[in-house]
Amino acid sequence: MQAAVLRGDQVCGTISAEEKGLYTVFQAQVETEEICRLFGIFEGGEASLGIPAPEQGRMTLRISVPTARLPAGKLLRGELRTGETAAWRRFPGGKRGDAVLPPGQVRGQTYRFPWKPGDRIPAEEYLCFFRFVRDQGRTYLELTLNEKGFPAV
């Protein structure tokens, strides 16, 4: 399966995924001059795949990941992102670790959900790991997960 890699709204390369036994092998080539992390966006969520490295004039990433560690569903696209200064993007909801997160926003490994006191808590099993934040007059609950989908403390 092959898909486009996006940086913002611009196509900047391609990514392919092929299941081989218990693993999925990814190969991507992208056009960028910055150090960026490549994420695979799947029907059931997203996964950080790594940082492309220079190879024959292009930035390339080759990685083999246990299929069981990837979000469910087919690969929709790849996304290149720079550090935590990147903008919040829409998160469609999906499984992360043992929790199913509702739709919200994502930046790196941090997820946030609009919330006001009295509203239902999203992903209640992670209640003690949420942070209450205010941003531009709105209130959110934020949750940071590690690469395995567990709360980062």
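Every chain is numbered on its own, with residues counted from 1 as its sequence reads. The model is predicted, so local features are restricted to residues of pLDDT at least 70 and side-chain atom pairs to those at 80 or more, both for listing and for counting; the totals for chains, interfaces and linings are taken over all residues. Derived side-chain values reflect all non-hydrogen atoms in the structure, with water molecules and hydrogen atoms excluded from consideration.

A. Seen up close, the sheet that holds strand β1 (residues 2-7). Taken in spatial order, the eight strands line up as β5-β4-β8-β1-β2-β3-β7-β6 in an open sheet, and their pairing is mixed. Both outer strands of the open sheet, β5 (45-50) and β6 (53-55), are each paired with one neighbouring strand and no more. Sheet twist, expressed as the mean angle between neighbouring strand axes with direction ignored, is 30 degrees. Where β1 meets strand β8 (residues 75-81), two bridges bridge the pair, whose relative direction is parallel. Residue pairing for β8: Leu6 is matched across the bridge by Glu79. Here the rule is simple: two strands pair whenever DSSP picks up at least two bridges between them. Helix and strand labels come from DSSP, where a helix needs a run of H or I of at least four residues and a strand needs a run of E of at least two; each type is numbered from the N terminus. For helices, the fitted line uses only the C-alpha atoms of the stretch in contact; every axis is such a line through C-alpha atoms, and the angle between N-to-C directions lies from 0 to 180 degrees.

B. Looking closely at the nonpolar core. Throughout this description, the term nonpolar core refers to a set of buried Ala, Val, Leu, Ile, Met, Phe, Trp, Tyr and Cys residues connected via side-chain atoms within 4.5 Å. In this scheme, a residue with accessible area under 20% of its type's maximum is buried, one over 50% is exposed, and one in between is partly exposed, where area comes from a 1.4 Å probe on protein chains only. Of all hydrophobic cores here, the largest spans 19 residues; its most connected members are Val5, Ile15, Phe26, Leu38, Leu75 and Leu80. Looking at this core, the elements that each hand over two or more residues are β1, β2 (10-20), β3 (23-30), β4 (37-42), β5, β7 (58-66) and β8. Here a residue-residue contact requires only that any non-hydrogen atoms of the pair lie within 4.5 Å. Apart from residues lying up to four places away in sequence, Phe26 is in contact with Ile15, Ser16, Ala17, Phe42, Leu49, Leu61, Arg62, Ile63, Val65, Leu70 and Leu75. The next biggest cluster of nonpolar side chains, apart from the first, holds 14 residues, and it includes Tyr111, Trp115, Tyr126 and Leu141.

C. Layout of the pattern of salt bridges. When a carboxyl oxygen of Asp or Glu lies within 4 Å of a side-chain nitrogen of Lys or Arg, that pair is called a salt bridge. For the structure shown, the criterion picks out 11 salt bridges. A salt bridge links Glu142 to Arg131, with the nearest nitrogen and oxygen atoms 3.4 Å apart. Of the two residues, Glu142 sits in strand β15 (residues 138-144) while Arg131 sits in strand β14 (residues 131-135), which places them 11 residues apart along the sequence. Take Glu142: its relative accessible area is 12%, and that puts it in the buried class.

On their own, these measurements won't tell you what the molecule is for.
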